[in-house]
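Summary of structural features
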Amino acid sequence: MFLIFLMSYTLVGSAQNSISGTIKNQNNDVISNVEISVSDANIHTKSNEKGQFEIKNLPIGKWTLIFKKDQFEIRSENIIITKDENKIIEIILNSQNHHIDEVIVSTVFNKTQKENVMKVDHLILKNMQNQGVVNLSEALATNPGVTQLSTGNSIGKPVIRGLSGNRVLTYAQGIRLENQQFGEEHGLGLNGNGIESVEIIKGPASLLYGSDAMGGVLYFNPEKYAANGKTTIELNQVFHSNTQGSNTSFGVKSSADKFKFLLQNNYTTHTDYKTPNGETVVNTRFIEKDIKLGTAYETSRYTADLRYNYNVLNLGLPEEGIESKYFRTPLYPSQKIDNHILSLNQKVFFNKSRLESSIGYVFNNRKELESAEEIALYMKLKTFNYNLRYYLPTLGKFESILGVQGLNQKNGNFGAERLIPNATLNDVGIFATTQVNLNKHTFQFGIRYDHRKVETETFGTEGEEGFFPTVNRKFKSFNSAIGFKSKWSEQWLTRLNIATGFRAPNLSELTSNGVHEGSNRYEIGNINLKNEQNVQIDLNIDYTKDHFDFFINGFYNHINNYIFIQPTGDEIDGNVVFNYVQNNAVLFGGEAGIHLHPHPFDWLHITSSYEMVVGQQRGEANLPLIPANVWKNNFKANFNLNTTFKNAYFYIQANYTLAQNKVSVFETKTNDYLLIGSGIGTDVVLKKLNFKLFISGTNLLNKEYIPHLSRLKTDGIYNMGRNIVFGLNFNL
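Calculation rules
- Residues numbered from 1 in each chain as written.
- Predicted model: local features only at pLDDT ≥ 70, side-chain atom pairs only at ≥ 80, totals over all residues.
- Heavy atoms only, no water.
- Helix = DSSP H or I, 4+ residues; strand = E, 2+ residues; numbered from the N terminus.
- Buried < 20%, exposed > 50% of the residue type's maximum accessible area, 1.4 Å probe, protein only.
- Pairing = 2+ DSSP bridges.
- Axes fitted to C-alpha atoms, helices over the stretch in contact; angles between N-to-C directions.
- Patch = residues over 30% accessible without salt bridge, like charges linked within 9 Å, V, L, I, M, F, W, Y side chains within 5 Å.
- Areas by Shrake-Rupley, 256 points an atom, 1.4 Å probe, with all protein chains shown as cover.
- Salt bridge = Lys/Arg side-chain N within 4 Å of Asp/Glu carboxyl O.
- Polar contact = N/O pair within 3.5 Å; in protein donor to acceptor, adjacent residues only side chain to side chain.
- Contact = heavy atoms within 4.5 Å.

1. Some words on the environment of A227
With respect to the helices and strands, A227 occurs in the loop between β14 (216–222) and β15 (231–240). For A227, a relative accessible area of 10% puts it in the buried group. With 184 residues separating them along the chain, A227 and I43 place their C-alpha atoms 7.7 Å apart.

Okay, here's the thing in structure tokens:
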């Protein structure tokens, strides 16, 4: 009914509002090919050779225009559009020194990073691909404060400041992604193709996103549509030497004034990886297919963005005694996963306010196979979720948002074994948040209430393996957040945020009663588990000068009723028994880094960062699966060789991971190691053909190492050895 209302509302949205102008530099020279986008809308264009641009069908109301081009500082311009108005402006862009600002979508007020109250990291995924990463989680782990829980090259789960799984919420296409993320060997479930960037919130975000956001949020921004009136075609090919891997993608985008369309397709295949000593880790191979479709419609009163993502993943699970045969086809045991994501994002614009709606359907079809004839686990997870926000009219210096979110989820079992029962889950949450802008100071605060209901079906015989009793539990939580940002001078910026978060126990923690084939352990849940509830304090200090800046982020995170799994010392059919238990816990640490851009060597960038996290239970026992401290260093040079080779770069990375000696009683310690990587790339500009090419290498010293969060560590299996990556990208 709400969708019908929004669609009918477009009948009154025929006003032809527009904004046009010219973009120049400080010397009054026009600038061509500047990307102009409208925050919160699917509107995107570029300036022509005369520096001119025009945006039609711009909705009425208050908007932020973003002007962005390499080698220039990003600029945001606030404008107010009234009915039938044709506004003309002139924009001056300053030459960039070393810092590029970005628009942040995940924190709802859509401010640029320097204006945002909460510190949010923004990563361009194509830049990460050029560094030779194999999967999306590995790309995220290049960011300070983020690492991954890995199973070879095919499975990676992002870890934010020591928290992962159901404590880190993932958003894709504007909706919540659900894919049985409780499992350690259950990957992220996304392919980087067709994703423009990711925003990383490190800390409780339950105010905006509800349960499971107590540790942070990964907010993936889909690729933008083509500029108005343009059609583009992109071909991309990447090769990996170690795994003989291939990543092939194709995309086409086309945009008119009101209608937009895109199609992106990807095929990825890797064989078993080789360790530095030349051994092959059998059955770490995988094949992934991914397709993304999108279409958008916009008028001066209404915009809609409909997207669909279909991802198919077939991956092997390494175990002892597997005979290496075939070449790329995964052996058994294996996982076969189909993931469907369908989303519709809509906006209705009133004179001084707007209404936003995001609805989505996620279908996760997961099989874990022991042989061609034996499907051990087969789960179908169907999730419908919704997110409705009303942006109230701005009252002086106050901006406010009211929202309601929720989901309906059903899990069904169809395999020979069951790790969790058939279940239904219902969530609903309401929230309000306000931001106050006071010149150099900004305050933000809000409150939220959530209610979750979990119902499961009885299955099996009581007292025997695989028995699941009926569960009918309700979980409730109030949460709040307050933040303060102050720009004390042109160089100093300080942020202080205090927020609470919560997480309701997942189905695995509540009801598990059986062997999880992916982890080879017998897991027993606890239906009496309570909510995890935390409070975190974050302090961020940024210093920015023309040719130097640094940041320091500190956090203290206290968690009541922290849920974790520990062995009992018993065995069932040869599998060690693990129980889910609770205890209060605390995590603290932070990240610090510098960026040096010495004058007059404008082509040189030197960055260095250090990250650490400490996790302890009540009684000072160490928490399990806490990542080791890391010191990351990068030396990068940018230059133009001539009119043919432009935007060239060369980099060297040196990342030193310290030994992890602060382990739980059930973990083993991990040695330190140093990894060296390097790469070079350029844009090639020819008369009728333009393309990008790069070559990079990871673990160039062929170092034997095992990350602390590798699930292959208990078997003494090293991570991948030297890997040379070559890539080509054509834009037609």
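2. With respect to the sheet that holds strand β5 (residues 61–68)
Pairing is antiparallel across the open sheet formed by 4 strands, whose spatial order is β3-β2-β5-β6. One side of each edge strand has no neighbouring strand; the edge strands of this open sheet are β3 (44–46) and β6 (75–81). The average undirected angle you get between the axes of adjacent strands in this sheet is 25°. In terms of strand pairing, strand β2 (residues 35–38) meets β5 through 4 bridges, oriented antiparallel. The residue of β5 that forms the bridge with E35 is K68.

3. Here we look at a nonpolar patch on the surface
A surface patch of nonpolar side chains, amounting to about 810 Å² of accessible area, comprises L438, F443, F445, I482, L496, I498, V535, I537, L539 and Y556. Taken together, the elements giving at least two residues each to the nonpolar patch come down to β25 (441–456), β27 (492–503) and β30 (532–544). Within the secondary structure layout, Y556 lies in strand β31 (residues 548–572). Exposure remark for Y556: the relative accessible area of 43% places this residue in the partly exposed category.

4. Let's talk about the side chain of H708
Structurally, the position occupied by H708 is in the loop between β37 (690–698) and β38 (723–731). Here H708 falls in the buried class, since its relative accessible area comes to 6%. There is a polar contact of 3.3 Å between the side chain of H708 and the side chain of E667. One polar contact links H708 to T670, side chain to side chain, over a distance of 2.6 Å. Excluding anything up to four places from it in sequence, H708 contacts I626, Q660, V663, E667, T668, T670 and K713.

5. A closer look at the sheet that holds strand β4 (residues 52–56)
If you trace the 3 strands from one edge of the open sheet to the other, you get β4-β1-β7, paired in mixed fashion. If you trace the sheet from one side to the other, it starts and ends with β4 and β7 (86–92), each paired once. Taking the axes of each pair of neighbouring strands and ignoring which way they run, one obtains an average angle of 20° across the sheet. Sheet analysis places strand β1 (residues 18–24) next to β7, joined by 7 bridges and oriented parallel. Bridging from a neighbouring strand, K24 pairs with I92 of β7.

6. Overview of the pairing of β38
Pairing of β15 with β38 involves 7 bridges; the strand directions are antiparallel. Within β38, the position partnered with E234 by the bridge is N731. Note that β37 and β38 share 8 bridges and pair antiparallel. By the bridge assignment, S696 is partnered in β38 with V725.

7. Regarding the side chain of Q180
Tracing the chain through its elements places Q180 in the loop between β12 (175–176) and β13 (195–202). Excluding residues within four positions of it along the chain, Q180 makes contact with H186, N364, R366, M379, L381, N411 and I420.

8. Looking at the pattern of salt bridges
All chains considered together, the criterion is met by 27 salt bridges. Two residues, K260 and E298, come together in a salt bridge whose shortest N-O distance is 3.8 Å. Of this pair, K260 sits in strand β17 (residues 259–270) while E298 sits in strand β18 (residues 286–298), and the two are 38 residues apart along the sequence. Its relative accessible area of 1% is what places E298 among the buried residues. Where K292 meets D290, a salt bridge forms, and the shortest distance between an N and an O atom there is 2.8 Å. A single network of salt bridges, built from pairs that share partners, joins D121, R161, K202, D538 and E591.

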